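So you can see what is in the structure, the chains are spelled out below.
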Amino acid sequence: MESLSSLCTSQGARMGSVSLVSFSLPRTQAFPKNFKKRSVGFVRASVAVETKVAIIRIGTRGSPLALAQAHETRDKLMALHPELAEEGAIQIVIIKTTGDKILSQPLADIGGKGLFTKEIDEALISSEIDIAVHSMKDVPTYLPDKTIVPCNLQREDVRDAFISLSAASLAELPAGSTVGTASLRRKSQILHRYPSLNVMENFRGNVQTRLRKLNEGVVQATMLALAGLKRLNMTENVTNVLSIDDMLPAVAQGAIGIACRSNDEKMANYLASLNHEETRLAVACERAFLETLDGSCRTPIAGYACKDENSNCIFKGLVASPDGTRVLETSRKGPYALKDMMMMGKDAGKELLSRAGPGFFDC
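Every chain's residues receive numbers from 1 upward, in the order its sequence appears when written. Per-residue local features are limited, in this predicted model, to residues with pLDDT of at least 70; the limit for side-chain atom pairs, both in listing and counting, is 80 or more; totals at the level of whole chains, interfaces and linings are taken over all residues. Heavy atoms from the whole structure form the basis of all side-chain values; hydrogens and water molecules are not counted.

Notes on the overall build of the protein
In DSSP terms, a helix is any run of H or I states spanning at least four residues, a strand is any run of E spanning at least two, and both are numbered starting from the N terminus. Looking only at helices and strands, one finds nine helices and 13 strands in the protein. Only protein chains enter the accessibility calculation, which uses a 1.4 Å probe. A residue is then buried if its area is under 20% of the maximum for its type, exposed if over 50%, and partly exposed in between. Burial status across the protein gives 48% buried among its 363 residues. For the accessible areas, the method is Shrake-Rupley and the probe is 1.4 Å, while residue cover comes only from the protein chains on display. For the protein, the accessible surface area stands at approximately 18200 Å², while carbon and sulfur atoms represent 51% of it.

Printed below as a string of structure tokens:
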């Protein structure tokens, strides 16, 4: 399978230029002595204010990676639409989400779904922003009413990166070594292959924070999405890149999704110009798999769809127990077309549901 993989905040007022129009009154001569005093009316100087209103307000989280993705979206829009290249035409609005606020607990313990999108979706629905840029793997399979995700940017490398100061790979870590990750998917697959390792589950924070913790010796290794490291220009930190067979990626990993209001035709047209259809179909297949499983916040799930050398879709899916003792895998092949790929994802999900049996997906 490896050969198949390719890879402030304020919602403050939108400010613009302000020009002041002023004038000077003519100088008057001295009044004659017999001049009768009269009341004099004062003329006020008028002020003309010209405010530059943003055409598109992009909502995003404030992490370095989220901002990199928002800037990528902005730059692509500016390159394709001259009116958006003008100063002030696009504004980036940073929104703090629940997942950003609560860092002391594992994601699974605080809900798992929608933790990095809820507040941004609310700002979109209330028209505080015009579009929302998300990491698609953070987007729940259900979308809030009045919103759509009509656009996926071209997908980055979907693989996971192994990072360590003391070992070249997971296999070389001594027994008892601790690997830090916030992902149950990674945890279960690591423990399935290397049960002698320990996994620190609540290893959270942005990329920079996790690398700092690694350097401080909190853990002996960590794993991050290669896509994020590429977007941040931080690939020099990568020790080893895991193959798809060794670490199946999260559903929609490496894909950026851009949402807008369902009744906003203007924004939908802008986003249509950015959409990468091959990525959109692959993500739709993987999300159909995830939706069919409807796993709990504590169910490790992985899925990946891609186009093979004959332009067919290859899909591989996985579910596991959190401790890695049980891993179930399946795969599908079919035409690279939306209807067929959605069917493949759903069918693969139904198969694993049946094989897993009752109770497997419960918290």
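What to know about the sheet that holds strand β12 (residues 312-320)
What makes two strands pair is DSSP finding at least two bridges between them. Read across the sheet, three strands follow the order β11-β12-β13 without closing on themselves; strand pairing throughout is antiparallel. With partners counted over all chains shown, the strands left at the sheet margins are β11 (301-307) and β13 (327-335), one partner each. Direction aside, the axes of adjacent strands within the sheet are offset by 10° on average. Where β12 meets β13, nine bridges bridge the pair, whose relative direction is antiparallel. Across the sheet, residue C313 finds its bridge partner in β13, namely G334. Residue contacts are counted whenever heavy atoms from the two residues lie within 4.5 Å of one another. Note on method: axes are straight lines fitted to C-alpha atoms, helices fitted across the in-contact stretch only, with angles between N-to-C directions ranging 0 to 180 degrees. Against the sheet, helix α9 (residues 338-356) engages β12 and β13, with an angle of about 155° to β13.

Section: the pattern of salt bridges
The salt bridge criterion pairs a side-chain nitrogen of Lys or Arg with a carboxyl oxygen of Asp or Glu, the two atoms within 4 Å. Under the definition given, this model contains 22 salt bridges. Between E351 and R332 there is a salt bridge, with the nearest N and O atoms lying 2.9 Å from each other. A residue pair is termed long-range when its members are at least 10 positions apart, and E351 in helix α9 and R332 in strand β13 qualify at 19 residues. Accessibility expressed as a relative area gives 24% for E351, which makes it partly exposed. A relative accessible area of 18% means that R332 is categorised as buried. Put simply, E351 and R355 hold a salt bridge, and the shortest N to O gap is 2.9 Å. Of the two residues, E351 and R355 are both situated in helix α9; the distance of four residues between them amounts to about one turn of the helix. In this structure, a network of salt bridges that share partners links the residues R57, D130, R261 and D264.

A word on the packing of aromatic side chains
Aromatic ring pairs are reported here in terms of the distance separating the ring centres and the angle at which the planes meet. Geometry of aromatic contacts follows a simple scheme: Phe, Tyr and Trp rings, the Trp one being its six-membered ring, pair when their centres are within 6.5 Å, and the pair is stacked under 30 degrees between planes, edge-to-face over 60, tilted otherwise. This structure, assessed with the given rule, holds one aromatic pair. Each ring is checked for a lysine NZ or an arginine CZ that lies within 6 Å of its centre and within 35 degrees of its normal; such an atom marks a charge sitting over the ring. It is K213 that lies over the ring of F203; its NZ or CZ is 5.5 Å from the centre. Looking at K307, its charged tip hangs above the ring of Y336, at a distance of 4.7 Å from the centre.

Overview of unusual backbone geometry
The phi dihedral of K146 is positive, around 75°, even though this residue is not glycine. Tracing the chain through its elements places K146 in the loop between β3 (131-135) and β4 (147-152). Unlike most non-glycine residues, A252 shows phi in positive territory, near 70°.

What to know about the packing of helix α8 (residues 277-293) against α9
What describes two packed helices is the angle between their axes and the distance between those same axes. One way to put it is that α8 packs onto α9 with a least axis distance of 7 Å and a crossing angle of 30°. Classified by the angle their axes make, α8 and α9 are roughly parallel. α8 and α9 meet at a crossing whose hand is right-handed. Between α8 and α9, the contacting residues are R280, L281, A282, A284, C285, A288, F289, T292 and L293 on the first element and L338, M341, M342, G345, K346, A348, G349, K350, L352 and L353 on the second. A per-class count over the contact of α8 with α9 returns 13 nonpolar, three polar and three charged. Orientation categories follow fixed angle ranges, with anything under 35 degrees roughly parallel, anything over 145 roughly antiparallel, 65 to 115 roughly perpendicular, and all other angles oblique. Two helices that cross are described as forming a left-handed crossing if the nearer one is turned anticlockwise from the farther one by less than a right angle, and a right-handed crossing if clockwise. Each residue is assigned to one class: nonpolar for Ala, Val, Leu, Ile, Met, Phe, Trp, Tyr, Cys and Pro, charged for Asp, Glu, Lys and Arg, and polar for all the others, Gly among them.

Here's the deal with the environment of A175
Following the sequence through the fold, A175 ends up in the loop between β5 (160-164) and β6 (178-180). Spatially, the C-alpha atoms of A175 and P195 are 8.6 Å apart, while their sequence positions differ by 20 residues.

With respect to the sheet that holds β3
In sheet architecture, strand pairing relies on hydrogen bonds along the backbone and comes in two forms, parallel and antiparallel. Strand order across the open sheet formed by five strands is β2-β1-β3-β10-β4, with mixed pairing between neighbours. The open sheet has two free edges, formed respectively by β2 (90-94) and β4, since each of these has just one partner strand. For this sheet the average axis-to-axis angle between neighbouring strands, irrespective of direction, equals 30°. Strand direction decides the pairing type here: β4 and strand β10 (residues 256-261), joined by four bridges, are antiparallel. Bridge assignment links N152 to a residue of β10, and that residue is G257. The sheet contacts of helix α1 (residues 64-80) involve β1 (56-60), β2, β3 and β10, and relative to β2 the element is tilted by about 165°.

Observations regarding the nonpolar core
Counting residues in hydrophobic clusters, the biggest one holds 19 residues, and the most contacted among them are F289, L293, V319 and M341. Looking at this core, the elements that each hand over two or more residues are α8, β11, β12 and α9. For V319, the residues in contact, after removing those within four places along its chain, are L293, P300, I301, R326, V327, L328, L352, F360 and F361. If you look at the next biggest cluster of nonpolar residues, it comprises 18 residues, including I90, I131, I256 and Y270. Buried Ala, Val, Leu, Ile, Met, Phe, Trp, Tyr and Cys residues that are joined via side-chain atoms within 4.5 Å together make up what is termed a nonpolar core.

The analysis is restricted to geometry; functional conclusions fall outside its scope.
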